[in-house]
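# Examination of the molecular architecture
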Amino acid sequence: MSISGKKIILAVTGSIAAYKTPHLVRLLVKAGAEVRVVMTPSSGQFVSPLALATVSRNPVFRSVADGASWNNHVEAGLWADAMLIAPCSANTLAKLAHGFCDTIVNAVYLSARCPVFIAPAMDEDMWKHPSTKQNIQQIKTYGNYLIPVAHGELASGLVGEGRMAEPEEIIRFLEVFFDADKPLTGKKALVTAGPTYEKIDPVRFIGNFSTGKMGIAIAESLAAHGASVTLVLGPTHLAAVHPGIDTIHVASAQEMYDRCVDLFPGMEIAVMAAAVADYRPETVAGGKIKKQSDALSISLVKTPDILATLGGIKKKTQIVTGFALETDGELEYADRKLKEKNADMIVLNSLRDEGAGFGFDTNKVTVLSRNSVPQAYPLLEKQQVAEIIVKHILELQQHVQEVL
């Protein structure tokens, strides 16, 4: 297995989901990993250190120092091939985001030079709180990997998002990361994300509310599956962190078009997830336009159609995916777009679906591809949606290889 021989630090924090960690350790050891466990003081309320020491076959550390004994957190951080924080409580999540160092878990995290995987666990209201969302975004910018939460029964008795991923799912996540024979190894992928800004004058522009979250998540997922990804990213405060992603920053539709047309011939996969402006001002004022009258007219012209251009020049070995964000006649328009743009797949989302569209951490999509029935998915985290999209791309790639 791909994690066989890997040295893994499991950090356990104060969440009821900690009761699952002995099973998680057993699965890691069974897969051939060497496991060392560190625990926050509060985690001992939910799982026995003795149980974790028994299944890991290693001592469990709960503090940086035990009397006269020094538990070297720096050595632990250097020893590991991966650090897995599971479960990660809302409290520890906030500490990771802001560099607190009051437990051995935080000390090892700050010393770690290996990939860090975080499996959050909390109640739905805590998971959806703006401060938690901000902390999630912050830790991702540090290069950490987030294992998506699950939907189901919570400790409060409610049903919703916030459950820690099941141990088997966590193992699969690690295996995909460490798999030397990943399905997209050696493949090159082009992804666009974010909005475009079309200048009116030096201080004003035409744009939209896209943040780039969906496109960045797709780029991260493709990279996690082994692809060498080039991300052409419009203006946004977000960034991709996977080392397999090369980001090119652009501002306008024309800049994005030029980059994509130049890069596409060398790509096997292209995912056009950016919210590209359909129109731009015909002329750009050289100076700031002054407020002089009650009305202002701006003549607009079409921007170049990136998806249609790539669809028109793509080879049989290339897979092109586009997006359709609609409010009316969604399926009909998406199907027409699939055919007219000569795309292999269209990902449809509707602004009428609550929690989907620009700015949300979630999305609700329907995937359309040639010669197949549209497949609709429920509202999910965008990271989970990205995995679904990549799964469909892998299926299309397999079909291409069979045909050839």
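Our subject is the structure that appears above.
Small disclaimer: the values here were computed from a predicted structure and weren't measured.

We now examine the sheet that holds strand 8 (residues 145–146). The strand order across the open sheet built from 6 strands is 3-2-1-6-7-8, with neighbouring strands paired in parallel fashion. Both edges of this open sheet fall to strand 3 (60–61) and strand 8, since each of them pairs with a single strand only. Pairing of strand 6 (residues 82–88) with strand 7 (residues 116–120) involves 4 bridges; the strand directions are parallel. Bridge pairing in strand 7 links C88 to P120. Docked against the sheet, helix 2 (residues 49–56) engages strand 1 (7–12), strand 2 (34–39) and strand 3, running at close to 165° with respect to strand 2. Sitting on the sheet, helix 4 (residues 90–98) is in contact with strand 6 and strand 7, with an inclination near 140° to strand 6.

Below, the discussion takes up the side chain of N106. Within the element layout of this structure, N106 appears in helix 5 (residues 104–111). Residue class for N106 comes out buried when judged on its relative accessible area of 1%. One polar contact links N106 to T103, side chain to side chain, over a distance of 2.6 Å. The contacts of N106, once residues within four sequence positions are left out, are K95, L96, F100 and C101.

If you look at the biggest cluster of nonpolar residues, it comprises 37 residues, and the most contacted ones within it are I218, L222, V229, L231 and I389. Elements with a contribution of two residues or more to this core: strand 11 (188–193), helix 9 (213–224), strand 14 (228–233), strand 16 (269–272), strand 19 (319–326), strand 20 (345–350), strand 22 (365–369) and helix 13 (382–403). A per-element tally of this core places helix 13 first, with 8 residues. If we ignore the near neighbours within four places in the chain, the residues touching L231 are V191, T192, A193, I216, A219, A240, I245, D246, T247 and I248. Among the nonpolar cores identified, the runner-up in size contains 34 residues, and L10, A18, A31 and Y145 belong to it.

In terms of residue burial, strand 11 counts as a mostly covered element, since 5 of its 6 residues are buried. Pairing analysis gives 6 bridges linking strand 11 to strand 14, with the strands arranged parallel. Along strand 14, the bridge assignment pairs K188 with S228. Two strands pair when backbone bridges link them, and strand 11 and strand 16 are joined in this way by 4 bridges, in the parallel orientation. Bridging from a neighbouring strand, V191 pairs with V271 of strand 16.

If charged atoms from side chains of opposite charge come close, those side chains can pair. As enumerated under the stated definition, the model contains 12 salt bridges in all. The partner of R172 in a salt bridge is E169, with the nearest N and O atoms 2.7 Å apart. Of this pair, R172 and E169 are both found in helix 8 (residues 167–178), 3 residues apart, which corresponds to roughly one turn of the helix. Take R172: its relative accessible area is 45%, and that puts it in the partly exposed class. Across the salt bridge formed by D344 and K314, the nearest N and O atoms sit 3.3 Å from each other. Residue D344 is located in the loop between helix 12 (330–340) and strand 20, and its partner K314 is located in the loop between helix 11 (306–313) and strand 19; the two are separated by 30 residues in the primary sequence.

What counts and what doesn't
- Residues numbered from 1 in each chain as written.
- Predicted model: local features only at pLDDT ≥ 70, side-chain atom pairs only at ≥ 80, totals over all residues.
- Heavy atoms only, no water.
- Pairing = 2+ DSSP bridges.
- Helix = DSSP H or I, 4+ residues; strand = E, 2+ residues; numbered from the N terminus.
- Contact = heavy atoms within 4.5 Å.
- Axes fitted to C-alpha atoms, helices over the stretch in contact; angles between N-to-C directions.
- Buried < 20%, exposed > 50% of the residue type's maximum accessible area, 1.4 Å probe, protein only.
- Polar contact = N/O pair within 3.5 Å; in protein donor to acceptor, adjacent residues only side chain to side chain.
- Core = buried A, V, L, I, M, F, W, Y, C linked by side-chain atoms within 4.5 Å.
- Salt bridge = Lys/Arg side-chain N within 4 Å of Asp/Glu carboxyl O.

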